[in-house]
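Listed below, chain by chain, are the residues.
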Amino acid sequence: MSFLRRRSSSTPTGPDFDVLAMDPGDWPGSLGAALLAGPDGSCQGIFLRYDLFGGRGPAMLIGNLPEGSAAREVEEGDVPFEVTQLLAALENDEPVHEVEREDTPVMHGDNLLIVQRIKVSEGRVACAQFDRSDGVRVTIATWDRPITDDLYQLLKPLPAEMFQQS
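Residues numbered from 1 in each chain as written. Predicted model: local features only at pLDDT ≥ 70, side-chain atom pairs only at ≥ 80, totals over all residues. Heavy atoms only, no water.

**Some remarks on unusual backbone geometry**
Here is step 1 of the chain: In the Ramachandran plot, Glu91 falls in the positive-phi region, its phi being about 60° despite a non-glycine side chain.
Here is step 2 of the chain: Assignment of secondary structure puts Glu91 in the loop between helix H1 (81-89) and strand E5 (98-108).
Here is step 3 of the chain: One non-glycine residue, Asp144, lies in the positive phi region at around 60°. (Helix = DSSP H or I, 4+ residues; strand = E, 2+ residues; numbered from the N terminus.)

**Looking at the sheet that holds E5**
Here is step 1 of the chain: Overall, antiparallel pairing links the seven strands, which are arranged E2-E3-E4-E8-E7-E6-E5 in an open sheet. Only two strands of the sheet have a single neighbouring strand rather than two, namely strand E2 (29-37) and E5. Strand-to-strand, the axes of this sheet are offset by a mean angle of 20°, without reference to chain direction.
Here is step 2 of the chain: Looking at chain direction, strand E6 (residues 111-120) and strand E7 (residues 125-131) are connected through three bridges and run antiparallel. (Pairing = 2+ DSSP bridges. Axes fitted to C-alpha atoms, helices over the stretch in contact; angles between N-to-C directions.)

**Topic: the side chain of Asn92**
Here is step 1 of the chain: With respect to the element layout, Asn92 can be found in the loop between H1 and E5.
Here is step 2 of the chain: Those residues in contact with Asn92 that sit more than four places away from it in its chain are Leu87, Glu122, Arg124 and Trp143. (Contact = heavy atoms within 4.5 Å.)

**Overview of the nonpolar core**
Here is step 1 of the chain: Membership of the largest hydrophobic core comes to 29 residues, with the highest contact counts inside it found for Ile140 and Tyr152.
Here is step 2 of the chain: Going through the elements one at a time, strand E1 (19-22), strand E3 (43-52), strand E4 (58-65), E6, E7, strand E8 (137-143), helix H2 (149-154) and strand E9 (155-158) are the ones with two or more residues in this core.
Here is step 3 of the chain: At five residues, the largest contribution of residues to this core is made by E3.
Here is step 4 of the chain: In this structure Tyr152 touches Val106, His108, Val115, Arg117, Ala128, Phe130, Ile140 and Ile147, once residues within four positions along its chain are discounted.
Here is step 5 of the chain: In this structure, Leu65, Ile118, Val125 and Cys127 belong to the second largest nonpolar core, which totals 15 residues. (Core = buried A, V, L, I, M, F, W, Y, C linked by side-chain atoms within 4.5 Å. Buried < 20%, exposed > 50% of the residue type's maximum accessible area, 1.4 Å probe, protein only.)

**Some points on the pairing of E8**
Here is step 1 of the chain: Counting buried positions along E8 yields seven of seven residues, so the element is predominantly enclosed.
Here is step 2 of the chain: Side chains of E8 alternate between two faces, with Arg137, Thr139, Ala141 and Trp143 and Val138, Ile140 and Thr142 buried alike.
Here is step 3 of the chain: In terms of strand pairing, E4 meets E8 through six bridges, oriented antiparallel. Each bridged residue has a counterpart across the sheet, and for Asn64 the counterpart in E8 is Val138.
Here is step 4 of the chain: Bridging between E7 and E8 involves seven bridges; their strand directions are antiparallel. Each bridged residue has a counterpart across the sheet, and for Phe130 the counterpart in E8 is Val138.
Here is step 5 of the chain: Where E7 hands over to E8, the hairpin turn is made up of five residues, of which Gly135 adopts a positive phi near 90°.

Right, dumping it as structure tokens:
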């Protein structure tokens, strides 16, 4: 998968991997980004939060977690980290758990993704995740919107400049 590649640099200025997400220009709202740093200062993940205009709150959260990220470790039956972050942003503190997972093949350009659709106990949350060829796990959590195959066609690596520190 040529669009999924690990970056290398002698002085890291952000994540050491391409962040797969929707381009902010393709979204009718505002975008927020957060870096999850490890105790050693390494990048343990990048989270992009897409909010709707009008103060209606977050509609989608996309996480990119590299191998070894503590946020990838969840107990059986627990929801992915991105779902808990989306619910926290919505100030929804009801307990939520995973109900079932289903593997679904999805085409992304010329590449085949095996996407796990994750059903959770909060019916207004949709969640899907897949592993990239470079070991980064991408998780999409949406509020009150289904995740359709069309969404995967909008996913692309975002430019590293978006994550450079001043």
